[in-house]
Amino acid sequence: MMAVSCLTRALRSLTVSQPALLSAQAVTQTKLGTVVPCTGGQCRGFLTTASLDQNRTRWKQTEKYTIKPIGMKKTGGRDHSGKIRTHGIGGGHKQKYRMIDFQRLHYESDREPKPFEEKVVEVRYDPCRSADIALVAGGNRKRWIIATENMQTGDIIKTSGVIGRMAVSANEGDAYPLGALPVGTLVNNLEIQPGKGSEYIRAAGTSGVLLRKVNGTAIVQLPSKQQVQVLETCVVTVGRVSNIDHNKRIIGKAGRNRWLGIRPSSGLWQRKGGWAGRKIKPLPPMKNYVNLPSISNNTT
Amino acid sequence: MIGKHARRHFAVSRCLTAKAPPARRPRERVEIPGFEMVTYGERMHYVPGLAKPVYPQWERDYKDPRHYKTPPAHQMPLYKEKPCYVYNQRTSALEGVRQALWLTKAKLISGLPPRLLSLAESPANQIPDQDERVQNAIKHARFWDTTEDRPCKEKYSNTLLSNLLHLCATLQSRHPAIGRRILAEKYSLATTWKRGEDLFQVRGQNGLLYNCMDPLPEVSGKQEVGDTADHVLKSFYPVSPSIDLQKVHVYKEEVNCSGFREGYPYPHAHTLYFQEEGDINCKLRPKQFRAKMVMFAFGNALARAHSLYGTQPQSVLGRPITVQAVGTNGRLFQFLVFQLNTTDLSGDNGIKNQVWLDEDVELYDYAKLRPLIKKKQVKVPAGLAGYKPETFRKFLALYLHGAV
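The following refers to the structure shown. In this text, all values refer to a predicted model and were calculated from it rather than measured experimentally.

Side note on the overall build of chain B
- Each helix and strand in chain B was counted, giving seven helices and 15 strands.
- By the compact-globule yardstick of 22 Å for 404 residues, chain B is too spread out, its C-alpha radius of gyration being 29 Å.
- In terms of principal-axis extent, the alpha carbons of chain B reach across some 95 × 65 × 45 Å.
- Residues counted as buried form 45% of the 404 residues belonging to chain B.
- Counted over contacts in chain B with a minimum sequence separation of 6, partners at least 24 positions apart contribute 76%.
- As presented, chain B carries roughly 23,300 Å² of accessible surface, and 52% of it is formed by carbon and sulfur atoms.
- Positive and negative side-chain charges in chain B, numbering 58 and 40 respectively, have mean positions lying 8 Å apart.

A word on the sheet that holds strand β1 (residues 79-87) of chain B
Residue and element names in this part refer to chain B.
- With mixed pairing, four strands are arranged side by side in an open sheet as β4-β5-β1-β7. Bordering the open sheet on either side are β4 (188-195) and β7 (246-250), each of which pairs with just one other strand. Strand-to-strand twist in this sheet, taken as the mean axis angle between neighbours without regard to direction, amounts to 30 degrees.
- Inspection of the sheet shows β1 paired to β7 by four bridges, in the antiparallel sense. From the neighbouring strand, Cys84 faces β7, where its bridge partner is Val248.
- Running at roughly 85 degrees to β4, helix α6 (residues 286-309) makes contact with β1, β4 and β5 (198-205) of the sheet.

As for the pattern of salt bridges
Residue and element names in this part refer to chain A.
- What the rule picks out here adds up to 23 salt bridges over all chains.
- Of the charged contacts in the structure, one is a salt bridge between Glu199 and Lys196, with a shortest N-O distance of 3.5 Å.
- Take Glu199: its relative accessible area is 42%, and that puts it in the partly exposed class.
- Salt bridges here are not isolated pairs; linked through shared partners, they connect Asp101, Glu118, Arg141 and Arg143.

With respect to the environment of B:Asn211
Residue and element names in this part refer to chain B.
- Secondary-structure assignment places Asn211 in strand β6 (residues 208-212).
- The buried category is assigned to Asn211, whose relative accessible area is 1%.
- Here the alpha-carbon distance between Asn211 and His270, two residues 59 residues apart in the chain, equals 5.3 Å.
- Once residues within four sequence positions are removed from consideration, Asn211 is found in contact with Arg180, Arg181, Ile182, Ala184, Phe260, Tyr264, Tyr266, His268, Ala269 and His270.

Notes on the pairing of strand β10 (residues 332-340) of chain B
All names here are of chain B.
- When you tally the buried positions in β10, you get nine out of nine residues, the bulk of the element.
- Covered by surrounding structure in β10 are Leu332, Gln334, Leu336, Phe338 and Leu340 together with Phe333, Phe335, Val337 and Gln339, the residues of both alternating faces.
- Pairing analysis gives eight bridges linking strand β9 (residues 321-328) to β10, with the strands arranged antiparallel. Along β10, the bridge assignment pairs Val323 with Phe338.
- Both β10 and strand β11 (residues 353-362) contribute to a ladder of seven bridges, which runs antiparallel. Bridge assignment links Leu336 to a residue of β11, and that residue is Leu357.

Definitions and limits used
- Residues numbered from 1 in each chain as written.
- Chains lettered and ligands numbered in written order.
- Predicted model: local features only at pLDDT ≥ 70, side-chain atom pairs only at ≥ 80, totals over all residues.
- Heavy atoms only, no water.
- Helix = DSSP H or I, 4+ residues; strand = E, 2+ residues; numbered from the N terminus.
- Rg over C-alpha atoms; globule rule 2.2 N^0.38 Å.
- Buried < 20%, exposed > 50% of the residue type's maximum accessible area, 1.4 Å probe, protein only.
- Contact = heavy atoms within 4.5 Å.
- Areas by Shrake-Rupley, 256 points an atom, 1.4 Å probe, with all protein chains shown as cover.
- Lys, Arg positive; Asp, Glu negative; His and termini not counted.
- Charge placed at Lys NZ, Arg CZ, Asp CG, Glu CD.
- Pairing = 2+ DSSP bridges.
- Axes fitted to C-alpha atoms, helices over the stretch in contact; angles between N-to-C directions.
- Salt bridge = Lys/Arg side-chain N within 4 Å of Asp/Glu carboxyl O.

Structural measurements only, silent on function.
Put into structure tokens, the structure is as follows:
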């Protein structure tokens, strides 16, 4: 469409007529000092192909945050070329995406960066994830967050970015930096870099454990028993994620899997390679997301 | 390799997938001060190695109404630094009636005031054959008004309201003061007031307005009005009272318009009639609907007070202004009486306004086309079932208030 309109616009200028319409361009041309030998009229260069305007991922590219559910487009496991990149995805019930605010310590634009409280308005099921989500309202804004285990309507949850000298006795659902929590608390919604937003421990019923705090960093054990070392200013929420009986559910029939958008796997018997079978190996080393000089490197 | 170059898109019959090609970062345009960029603009065609020419944005030098772009908010002439929170007809307040009470600095009393209740009960103000005529009105709205099986909710609540208003108007022969009133629709209300440190406005086309030449008498005496000074408004921390209100920076200060010009023969607002299905895009839950009723009744009263006593806040009005409101969804009615005692709304202390609210009053239980049969027994018969005559008496009392 755009290509056609570009073409017509350019061709219209190519008609043999008085170049009075393009006087502005003629002025700029003469100002530059060069006289272009015009072939039947002046025109800017035009493309015969326009960029392919695909609005397939535009539904998730809005910058403005809204609590209204957004209609999603299903990919079916296909990538931009149209071929299947991930098998076993397709069909399933239609889902609407609710924009979740993973950055729990998100100050409202008008207010000062101080610890604040929010009220839980509603806890509801989210089709896009295993955990439940909660609509919380504080100040002048409402947002969706991942609900923790015992969150009910009407609860007041606190979010703070302050690390005090004493460890805070945290209630479930509150969010504090790792440095302010006592060792051994169950945490979820962990962020690796402070301010980035939580990327770990978000699934239903999961929780990490704060193992120890070491000069400015904290070590957390993820649900897979892997340990990570992050800065102590990273904000986490306290408690287990909601919907704890999610792993105890029984699918029951093939149809229910299809409702969830899971297509059957290939029935072809394939010889399994070295990857298959039970493996007993030691835990991987602790992953460090902090760029600090280690304690042993004492500079002289 | 295929995906790297731009491709023309021929297939329109196949389904289009949701993933777009990976976005290519456009080449960065580097500006080095002191150097002139050599572009292919003069050559009129692309030359590899030369930069893409950048032309200045062309502005039309005459004004064309078909191609007009609104300037951004901070360039508008009415832009103000301080924001204003606007309650319009589509606002759905999170906290419902509590938020509306805090915004209007009002005290809630559940149930209608005793004077209106006595008006409702007295047999002298009844229409002849009242029950039968009201039931006929309900049946007309719910069953007879359509060629299809049943009319939709918007239609039947509209018809029911107009039928009930018509029935009430038949009493004009007995109470000639009813002739000094008129109904008005689609009028735009606007009022401004200050609450705490923020500026609030009520704006919008709200519903059916019943206008009167004479003001409504006040419902509660001076003693009760003075007692409201001790009442403490309920706060709902941590939610702020301006939540869900539209925040605007471009607004007219001190806008006060009751919807009608000076010299309109029916200046006093008597009753507002709200319907739940008025706006398709806005579905209000019961609490939010009642909050809307409170806010717009207050808006009308405040507009009247500003035009009578001026825009300066007054701690006690010499003559409190009363406005009534009725909201319905076709079966349930909400009755509201709002009395404006003060326009000094900036502080939380002092005399408060009063709100009498009678919520969820049923006019009838069921109006079914087909009977509800469970286990071969008729639980609810077809037609109108469970008619309650008290509701219409209250409706009539609100209508006759001021005329009797």
